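Letter by letter, the chains look like this.
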Amino acid sequence: MLLQSRLAADLARRAGSLIADALGQARSVSFKSEVDLVTEVDLAAQALIVEGIGDAFPGDRIIAEEDDGRPDEPELQERGCWYVDPIDGTTNFVHGLPHVAVSIGYVEAGRPRAAAVYDPCKDELFLAQDGSGAFLNGRRLGVSTTRTLDRALLVTGFPYDRRQRVDAYLAYFRRFMCAAQDLRRLGCASLDLCYVAAGRFDGFWEWKLQPWDTAAGWLIVQEAGGLVSDFDGAAYHPRLPRILATNGHLHAQALEILAELSRAGS
Ligand code: IPD
Ligand code: CA
Ligand code: CA
């Protein structure tokens, strides 16, 4: 196993235990925007992870959600870049809803190499390494075999500008609601991706996610046999603002709907 995979798994578990202990009991909740929260637990979990990576790989770049400033693209071509979301699903966390994760993705020269997503409430550790498959608590993962959208269970999320762009996001929700068997919105994008990898969901779409939300799940879906792309089918990378992940069989059908929505101006 790559040293990076081992480290990501270890740090995700350690940060996860801080989160599970504090679920629903955050003392200081601040608002980064009108609907975007951060707590002292996000900061403590991030500090633990960043320190662990810095000790083991001092030359690597770390891009973590609760750092100040949003870096631009150049890190994608660098060797050794870590993307860290200390609590993915902070709104769930604050409300005591046990559906949150620690997400750590390691990318080298634009290529995802190692990933760990840990759900401390269900003690589920999703791991992947480039070319070696994806695993949940040691069991190999594979995407679902669903071949038609009308049998598919899909998941999505609503970005932080949802109040401003409610009609656009609901147009997509409405169209997929009519095409799929059913839809969910669970509030933790990294787990949405892992659940596609595990065959629990057949597909996922969302806008305006950040690289720390998707870098780990991107690899986990691919290593489980699924596909990840932009809404127009172009190859995915974690700086893209739109993501579609499916079991592969449904990708063309979902892309057709996304193209139709884009032509309609949504
Ligand atoms: C959020 C979650 C949510 C998604 C949002 C993300 P955060 O991350 O992943 O599912 O819909 O777009 O920002 O803020 O809880 O780390
Ligand atoms: Ca997140
Ligand atoms: Ca977060």
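What counts, and where the lines are drawn
- Residues numbered from 1 in each chain as written.
- Chains lettered and ligands numbered in written order.
- Predicted model: local features only at pLDDT ≥ 70, side-chain atom pairs only at ≥ 80, totals over all residues.
- Heavy atoms only, no water.
- Axes fitted to C-alpha atoms, helices over the stretch in contact; angles between N-to-C directions.
- Helix = DSSP H or I, 4+ residues; strand = E, 2+ residues; numbered from the N terminus.
- Parallel < 35°, antiparallel > 145°, perpendicular 65-115°, else oblique.
- Left-handed = near helix turned anticlockwise from the far one by under 90°.
- Contact = heavy atoms within 4.5 Å.
- Nonpolar A, V, L, I, M, F, W, Y, C, P; charged D, E, K, R; others polar.
- Buried < 20%, exposed > 50% of the residue type's maximum accessible area, 1.4 Å probe, protein only.
- 1 Å grid on protein atoms, 1.4 Å probe; cavity = no way out; pocket = protein on both sides within 12 Å on 5 of 7 lines; lining within 4 Å.
- Points joined across faces, edges and corners; volume = space filled by probe spheres on them.
- Domains from an automatic or database assignment.
- Donors = N, O, S within 2.8 Å, 3.2 Å for Na, K, Ca; no water.
- Near = heavy atom within 4 Å.
- Polar contact = N/O pair within 3.5 Å; in protein donor to acceptor, adjacent residues only side chain to side chain.
- Areas by Shrake-Rupley, 256 points an atom, 1.4 Å probe, with all protein chains shown as cover.
- Sits in = over half its atoms within 2 Å of the grid points.
- Salt bridge = Lys/Arg side-chain N within 4 Å of Asp/Glu carboxyl O.

A short note on the packing of helix α4 (residues 166–179) against helix α7 (residues 251–263)
Point 1. Two elements in contact, α4 and α7, have axes separated by 11 Å at closest approach and are oriented at 140°. The angle between α4 and α7 falls in the class oblique. The chirality of how α4 crosses α7 is right-handed. On α7, the residues that touch Ala171, Tyr172, Arg175, Phe176 and Ala179 of α4 are Ala254, Ile257, Leu258, Glu260, Leu261 and Ser262.
Point 2. Taken together, the residues that form the contact of α4 with α7 break down as eight nonpolar, one polar and two charged.

Observations concerning unusual backbone geometry
Point 1. In this structure, Ala109 is a non-glycine residue whose phi angle is positive, near 45°.
Point 2. Inspection of the secondary structure puts Ala109 in the loop between β5 (101–108) and β6 (111–119).
Point 3. You can call Ala109 partly exposed: its relative accessible area is 43%.
Point 4. Non-glycine residue Asn137 carries a positive phi angle of around 45°.
Point 5. Along the polypeptide, Asn137 turns up in the loop between β8 (133–136) and β9 (139–140).
Point 6. For Asn137, a relative accessible area of 44% corresponds to the partly exposed category.

Structural notes on the layout of surface pockets
Point 1. Of the volumes computed, that of the largest pocket is approximately 480 Å³.
Point 2. Lining the largest pocket are 27 residues, with Asp88, Tyr160, Glu206, Leu209 and Asp213 positioned closest to its centre.
Point 3. Going through the elements one at a time, β4 (81–88), α3 (90–94), α5 (189–197), β12 (203–207) and α6 (211–223) are the ones with two or more residues in the lining of the largest pocket.
Point 4. When the residues that make up the lining of the largest pocket are grouped by side-chain class, the tally is nine nonpolar, seven polar and eleven charged.
Point 5. When residues of the lining of the largest pocket are assigned to domains, at least three fall in each of domain 1 (2–140) and domain 2 (149–263).

Digging into the coordination of the calcium ion (ligand 2)
Point 1. The coordination sphere of the calcium ion (ligand 2) contains the protein donors Asp85 (OD), Asp88 (OD) and Asp213 (OD), at a distance range of 2.1 to 2.3 Å.
Point 2. Along the chain, the residues donating to the calcium ion (ligand 2) fall in the pattern D-x2-D-x124-D.
Point 3. Metal-to-metal, the separation of the calcium ion (ligand 2) and the calcium ion (ligand 3) is 3.8 Å; Asp85 coordinates the two. One end of the pair, Asp88, is in strand β4; the other, Asp213, is in helix α6, with 125 residues separating them in the sequence. Taken individually, Asp88 and Asp213 each receive the classification buried, so the pair is uniform in this respect.

Some words on empty space enclosed by the protein
Point 1. Across all of its chains, the model carries one cavity of 30 Å³ or more by this definition.
Point 2. Here the largest cavity is characterised by a volume of approximately 50 Å³.
Point 3. Elements that contribute at least two residues to the lining of the largest cavity include exactly β12 and β14 (242–246).
Point 4. Among the residues forming the lining of the largest cavity, the class breakdown is nine nonpolar, two polar and one charged.

With respect to the site of ligand 1
Point 1. Neighbouring ligand 1 are 16 residues, the closest being Asp88, Gly89, Thr90, Tyr160 and Glu206.
Point 2. Ile87 places a main-chain nitrogen or oxygen 3.2 Å from an oxygen atom of ligand 1.
Point 3. Asp88 is positioned such that a nitrogen or oxygen atom in its side chain is 2.7 Å from an oxygen atom of ligand 1.
Point 4. Relative to its unbound accessible surface of 380 Å², ligand 1 loses 95% to contact with the protein.
Point 5. Assessed atom by atom at 2 Å from the grid points, ligand 1 resides in the largest pocket.
Point 6. Take the shell around ligand 1: its biggest share by element is three residues, from β4.
Point 7. Of the residues that make up the shell around ligand 1, three or more belong to each of domain 1 (2–140) and domain 2 (149–263).

Considering the domain arrangement of the protein chain
Point 1. The domains assigned to the protein chain are domain 1 (2–140) and domain 2 (149–263).
Point 2. Distance between the C-alpha centres of domain 1 and domain 2: 20 Å.
Point 3. Taken residue by residue, the interface counts 46 residues in domain 1 and 28 residues in domain 2.
Point 4. Our enumeration of links across domain 1 and domain 2 arrives at one salt bridge.
Point 5. For Arg200, the salt bridge is made with Glu124, and the minimal N-O distance between the two is 2.8 Å.
Point 6. In this assembly, domain 1 and domain 2 are joined by seven residue pairs in polar contact (both at pLDDT 80 or more).
Point 7. Elements with a minimum of two residues in the side of domain 1 that touches domain 2: β3 (61–64), β4, α3, β5, β6, β7 (124–129) and β8.
Point 8. For the side of domain 1 that touches domain 2, the element with the highest residue contribution is β6, accounting for seven residues.

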